[in-house]
Amino acid sequence: MSIGQEQSLHGRLGTFTAGHDLSATWDGERLTGRLGSFTAGHDLAVWFGDGVLEGRVGSFTQGFDLRVSLSATHLQVHLGGFVDGVDAELSFDTQGASGRYGTFTAGHDVSLRHYAGEVRGRIGSYTRGVDFRMDLGDVPLPLGVVVVLAAYHAWPSL
């Protein structure tokens, strides 16, 4: 049973020629979507668990789990398993968010700006990073960030 109307977001991670489409729908209880194309992409499903959002990207054999902890100004995401997983942490303010994907020595900076329903940002450095852009519609900003981080983590297999 869903709460309210479905809300959807659409965007792109990477460039026009070397990137992946992002699309997802939030119905108040579940975030479902697609990362990448119809033939070379992964499904995304996130739902409320034990006080956190939890979900899966990809299939049972070709995917990874994710777990999201959220407060008013802080987002923590764990992508993958206990041994081979990656953590991402972001802090939100009135204009956007910034944080880190991965560890201090083996990770990438994440920064984004929020403009009236649109999000633009970058994962990584100026020379070795990936841009992203999304039209959030009515989907909450933290869920859009979860979609981007999941797509970035899945990038090698898309």
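Now for a quick tour of the structure.

**Some points on the side chain of glutamate 118**
No. 1: The residue glutamate 118 is located in strand E11 (residues 118-123) in this model.
No. 2: Side chain to side chain, glutamate 118 and arginine 120 meet in a polar contact 2.7 Å long.
No. 3: Apart from the residues lying within four places of it in its own chain, the contact partners of glutamate 118 are Arg113, Arg133 and Met134.

**Comments concerning the environment of alanine 154**
No. 1: Within the secondary structure, alanine 154 sits in helix H1 (residues 141-154).
No. 2: The class for alanine 154 is buried, based on a relative accessible area of 1%.
No. 3: A sequence separation of 118 residues divides alanine 154 from glycine 36, and the C-alpha atoms of the two residues are 9.3 Å apart.
No. 4: Other than its neighbours up to four places away in sequence, alanine 154 contacts His42 and Phe64.

**Considerations on the nonpolar core**
No. 1: Core analysis: the largest hydrophobic core is formed by 43 residues, its most contacted members being Leu44, Leu66 and Leu149.
No. 2: For this core, the element with the most residues is H1, which contributes 11 residues.
No. 3: Sequence-distant contacts of leucine 44, that is, excluding residues within four places in its chain, are made with Leu31, Thr32, Gly33, Leu35, Arg56, Val57, Leu66, Val147 and Ala150.

**What to know about the pairing of strand E3 (residues 30-36)**
No. 1: Of the strand pairs in this sheet, strand E2 (residues 19-26) and E3 are connected by 5 bridges, and their pairing is antiparallel. Looking at the pairing, tryptophan 26 lines up with leucine 31 of E3.
No. 2: Hairpin remark: E3 followed by strand E4 (residues 41-48), antiparallel, with 4 residues in the connecting loop.

What counts and what doesn't
- Residues numbered from 1 in each chain as written.
- Predicted model: local features only at pLDDT ≥ 70, side-chain atom pairs only at ≥ 80, totals over all residues.
- Heavy atoms only, no water.
- Helix = DSSP H or I, 4+ residues; strand = E, 2+ residues; numbered from the N terminus.
- Polar contact = N/O pair within 3.5 Å; in protein donor to acceptor, adjacent residues only side chain to side chain.
- Contact = heavy atoms within 4.5 Å.
- Buried < 20%, exposed > 50% of the residue type's maximum accessible area, 1.4 Å probe, protein only.
- Core = buried A, V, L, I, M, F, W, Y, C linked by side-chain atoms within 4.5 Å.
- Pairing = 2+ DSSP bridges.

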